[in-house]
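Breakdown of the fold
The chain contents come next:
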Amino acid sequence: MRIHLAAVCLSFWSGVALAQAPAAPAVAVGANVKHTAFRPGEQWHDTEGNLINAHGGGVLRVGKTYYWYGEKRAQQQEEGVTVYSSRDLYNWRYEGVALQPSTQPGHDIEQGCLMERPKVLFNKKTGKYVMWFHLELKGKGYSAARAGVAVADKPTGPFRYVSSFRPNGHMSRDMTLYLDDDGRAYHIYSARENYDLRIARLSDDFLTATKQDTLLFSNHREAPAVFKTGGRYYLITSGCTGWDPNQATLHVADTLFGPWQELGDPMRGPNAQKTFGGQSTYVLPAPGRPGSFIFLADRWNPKDLKDSRYLWLPVQFRQGQPTIEWLDRWNLDFFAQPGAKSAGQ
Ligand code: DGJ
């Protein structure tokens, strides 16, 4: 009987994945190719037919439009922060470089600096779009370990550089931002040579970190991505192995300041123990489906960083716990499948 049930289960789940594979896959070359699905790990072209160049990124929703911000990479060098827009999350229009490196010698964001893992929030009080990123100064490797801040009047920018600093004196490398339901925003960042993961509440204008700055845990983690559902906060992180993939970890907490409980590796499927060759960068609430989320990761290609690939996968809740399964191809209808459990189902 158990074997029979397992077989039914297996065929059901294969059915779900197959049901999401469109009959005519979008060919990812050329302009005007309409994408109808996510294809994790495949090259992903924008509406002009160019490779999407937005690594270590994050997504902001403004009305019905999504804005994807990320690192613009040449083969190695970082060339500013790009922004793309989309209404359906499959087809992205290039909106340009939202934050340009400076041509002024000695400037904090002088060309040749690193502006990694950019994230943008809208501040309702000031009416500004605020970008935070991990800044490394030109020619200084990863030693500066600063958070950088820029602002804009429109989601597409141009963003104006404001300042950079070590929040409350702490080193700040990989990072994310999180906007809570009460309008308060937070900076979650790797500190103390990446041994610590910390959280700092942002000032009301989102331009600086307040003194409310706490150690979350000291597990040598980076690439934080936060989401909230059912009144609980979830945090996905990676280990620290440069561009090489490693095992992801999921933590849960009742408040952002912790305590955070480790729940193990949420990834499932081939190469799950190496995050499918990727590294977390963001978790995006799925459109129109409260309790459904999309996990965003980068599969870095250190030999040609601009051709690093994107892994967008649905977060599924098994026994109430978020899990992320590998799928070759899927679309947002996945969340409507009876077997694709959102939070609370
Ligand atoms: C891992 C980080 O997560 C990336 O953002 C980048 O800084 C690489 N390290 C550089 O090796």
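Residues numbered from 1 in each chain as written. Predicted model: local features only at pLDDT ≥ 70, side-chain atom pairs only at ≥ 80, totals over all residues. Heavy atoms only, no water.

**Brief notes about the confidence of the model for the protein**
Interpretation of this model should avoid reading the predicted coordinates in detail wherever pLDDT is low. Across the protein, the average pLDDT comes to 91, with 89% of residues at or above 70. The low-confidence segment residues 1–28 (pLDDT under 50) makes 31 contacts with residues lying over four places distant or belonging to another chain. (pLDDT = per-residue confidence, 0-100. Contact = heavy atoms within 4.5 Å.)

**Comments concerning the sheet that holds strand 7 (residues 146–152)**
The sheet built from four strands is open, its strands ordered 5-6-7-8 with antiparallel pairing. Here the strands that pair on one side only, and so sit at the sheet edges, are strand 5 (114–123) and strand 8 (160–165). When the angles between neighbouring strand axes are averaged without regard to direction, this sheet yields 25°. Sheet topology note: the strand 7/strand 8 ladder contains five bridges and is antiparallel. Opposite A147, over in strand 8, you have F165 as the bridge partner. (Pairing = 2+ DSSP bridges. Helix = DSSP H or I, 4+ residues; strand = E, 2+ residues; numbered from the N terminus. Axes fitted to C-alpha atoms, helices over the stretch in contact; angles between N-to-C directions.)

**As for the packing of aromatic side chains**
The final tally for this structure, using the stated rule, is 26 aromatic pairs. Ring geometry for W68 versus W92: centroids 5.2 Å apart, planes at 75°, classification edge-to-face. Here W68, found in strand 2 (residues 65–73), pairs with W92, found in the loop between strand 3 (78–86) and strand 4 (93–99); they are 24 residues apart in sequence, far enough to count as distant. The buried category is assigned to W68, whose relative accessible area is 2%. The buried category is assigned to W92, whose relative accessible area is 0%. Through successive ring pairs, a cluster of aromatic residues spans F38, W44, W68, Y84, Y90, W92, Y94, Y310, W312, W330, F334 and F335. (Phe/Tyr/Trp six-rings, centres within 6.5 Å; stacked < 30°, edge-to-face > 60°. Buried < 20%, exposed > 50% of the residue type's maximum accessible area, 1.4 Å probe, protein only.)

**Focus: the layout of surface pockets**
Space inside the largest pocket adds up to approximately 970 Å³. Around the largest pocket, the lining is made up of 35 residues, and of these L60, L121, L179, D180 and D181 lie nearest the centre. Elements with a contribution of two residues or more to the lining of the largest pocket: strand 1 (55–62), strand 5, strand 9 (175–179), strand 11 (196–202), strand 13 (222–229) and strand 18 (279–285). Looking at the lining of the largest pocket residue by residue, the class counts come to 22 nonpolar, three polar and ten charged. Of the pockets and cavities examined, the second largest pocket occupies roughly 250 Å³. Lining of the second largest pocket is provided by 14 residues; of these, E116, Y142, D174, E222 and G242 occupy positions nearest its centre. (1 Å grid on protein atoms, 1.4 Å probe; cavity = no way out; pocket = protein on both sides within 12 Å on 5 of 7 lines; lining within 4 Å. Points joined across faces, edges and corners; volume = space filled by probe spheres on them. Nonpolar A, V, L, I, M, F, W, Y, C, P; charged D, E, K, R; others polar.)

**Some points on the site of the ligand**
With respect to spatial proximity, the complete set of residues near the ligand consists of E116, R117, Y142, D174, E222, G242, W243 and Q279. Within the side chain of R117, one N or O atom sits 2.9 Å away from an oxygen atom of the ligand. Contact between the ligand and G242: a nitrogen atom at 3.5 Å from a main-chain N or O atom of the residue. Against a free-state accessible area of 290 Å², the protein chains account for coverage of 90% of the ligand. Structurally, the ligand is housed in the second largest pocket. Counted by class, the shell around the ligand contains two nonpolar, two polar and four charged residues. (Near = heavy atom within 4 Å. Polar contact = N/O pair within 3.5 Å; in protein donor to acceptor, adjacent residues only side chain to side chain. Areas by Shrake-Rupley, 256 points an atom, 1.4 Å probe, with all protein chains shown as cover. Sits in = over half its atoms within 2 Å of the grid points.)

**As for the pairing of strand 15 (residues 249–253)**
Residues in a regular strand point their side chains to alternate faces of the sheet. Burial of strand 15 is extensive: five of the five residues sit out of reach of the surface. Here strand 15 shows a buried face lined by T249, H251 and A253 and a second buried face lined by L250 and V252. Here five bridges tie strand 14 (residues 232–238) to strand 15, and the two strands are oriented antiparallel to one another. Along strand 15, the bridge assignment pairs I236 with L250.

**A word on the environment of S238**
You can see S238 is positioned in strand 14. Assessed through its relative accessible area of 2%, S238 is described here as buried. Considered as a pair, S238 and T249 are eleven residues apart in the sequence and their alpha carbons are 6.4 Å apart. Residue contacts for S238: discarding those within four places in its chain leaves H220, R221, E222, A223, N246, Q247, Q279 and S280.

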